[in-house]
Amino acid sequence: MSADKCHAKGSPAPGSVSEGFIRFYSMRFCPFALRTRLVLTAKGIKHEVININLKDKPDWFLERNPLGLVPTLETPAGEVIYESPITCEYLDEVYPNSKLLPSTPYGKAQYRMMLEHFSKIPPYFFKILMGRKKGEDVAGLEDELKEKLAKFNKDLVDKKTKFFGGDSITMIDYMMWPWFERLGVLDLKNCYNQTPELKKWTERMYEDPAVKANTYSVDTYKAFYKSYIDGKPDFDYGL
């Protein structure tokens, strides 16, 4: 993982991307950026990392990505790609070794449909985190999250596979993983107490080399999220 401190407004713009590499604009604790980081690692793609201060973004970064979001990729030709599913699909197409996406049109359609279903999960993490900060009762939100996770448990039961795309890790597993990693960080592991297959999937994911290479300790994550909910995110925590 990158140990480089984040770049903020006023920092010098980076030079051109070296041939044979791809540049990855990231933030160390961003779950969306983790998706791309997992794919870069799993496929062994040579890359350089530039971490961005998402509260005080450099002008040169906004010129590359007007949305100001990570992950963002930049090629030696100056081509810029952003949004996590798009960056990951791009990497899988441009670097064909260790393919992660399904090979058939129907398989790809199934992947995208599952990703669309999963897109309803991440907002719960933010709502629960901020609800707790305000002293609100988040039990209802936690129950809703449990119901949604139960559907993914059923998917594994019905498929009778170790992972969501088969018996080996594929793109959909990496797309979903960053939020499951945060269940323990946000004290939400109880949300999958009744989902045994999902728990087994989580255990298998923790054994994946790409996941191992991109995991921070629970204490590190908790310290970052505390700074986040306090309104002063410490993007460089631990460096």
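Every value quoted in this text rests on a predicted model; they were computed, and no experiment measured them.

Those residues of helix H8 (residues 196–206) lying buried are Leu 198, Trp 201, Thr 202 and Met 205. Considered in projection along H8, the buried side chains sweep an arc of 100° and stay on one side of the axis. Next to the buried residues of H8 lie helix H6 (139–159), helix H7 (171–185) and helix H9 (209–213).

Right, let's get into the environment of Phe 29. With respect to the helices and strands, Phe 29 occurs in the loop between strand E1 (22–26) and helix H1 (31–42). Note: C-alpha distance between Phe 29 and Met 175 (146 residues apart in sequence) is 15 Å. If near-sequence neighbours (up to four positions away) are discounted, Phe 29 is found in contact with Arg 182, Tyr 216, Thr 220, Tyr 221, Phe 224, Tyr 225, Asp 234, Phe 235 and Tyr 237.

Another aspect to go through is the packing of aromatic side chains. Aromatic ring pairs are reported here in terms of the distance separating the ring centres and the angle at which the planes meet. Applying the stated rule across the entire model yields 19 aromatic pairs. Aromatic pair Phe 152 and Phe 164: ring centres 6.2 Å apart, planes at 80°, arrangement edge-to-face. Within this pair, whereas Phe 152 is found in helix H6, its partner Phe 164 is found in the loop between H6 and H7, the two being separated by 12 residues in sequence. For the ring pair Trp 177 and Tyr 206, a centre distance of 4.8 Å and an interplane angle of 90° mean the geometry is edge-to-face. Residue Trp 177 is found in helix H7, and its partner Tyr 206 is found in helix H8; the two are separated by 29 residues along the sequence.

Bringing the pairing of E1 into the picture now. When you tally the buried positions in E1, you get 5 out of 5 residues, the bulk of the element. What you see with E1 is no split at all: Ile 22, Phe 24 and Ser 26 on one side and Arg 23 and Tyr 25 on the other are buried throughout. Sheet topology places E1 next to strand E2 (residues 47–51); 5 bridges connect them, and they run parallel. Within the sheet, the bridge partner assigned to Ile 22 lies in E2 and is His 47. Chirality of the crossover, the property in question, places the unit of E1, H1 and E2 among those that are right-handed. With 3 bridges joining them, E1 and strand E3 (residues 72–74) adopt antiparallel strand pairing. Considered in E3, the bridge of Phe 24 is made with Leu 73.

Definitions and cut-offs
- Residues numbered from 1 in each chain as written.
- Predicted model: local features only at pLDDT ≥ 70, side-chain atom pairs only at ≥ 80, totals over all residues.
- Heavy atoms only, no water.
- Buried < 20%, exposed > 50% of the residue type's maximum accessible area, 1.4 Å probe, protein only.
- Helix = DSSP H or I, 4+ residues; strand = E, 2+ residues; numbered from the N terminus.
- Arc of directions from axis to C-beta.
- Contact = heavy atoms within 4.5 Å.
- Phe/Tyr/Trp six-rings, centres within 6.5 Å; stacked < 30°, edge-to-face > 60°.
- Pairing = 2+ DSSP bridges.
- Right-handed = clockwise from strand over helix to strand, strands pointing away.

Worth remembering: the numbers are spatial, not functional.
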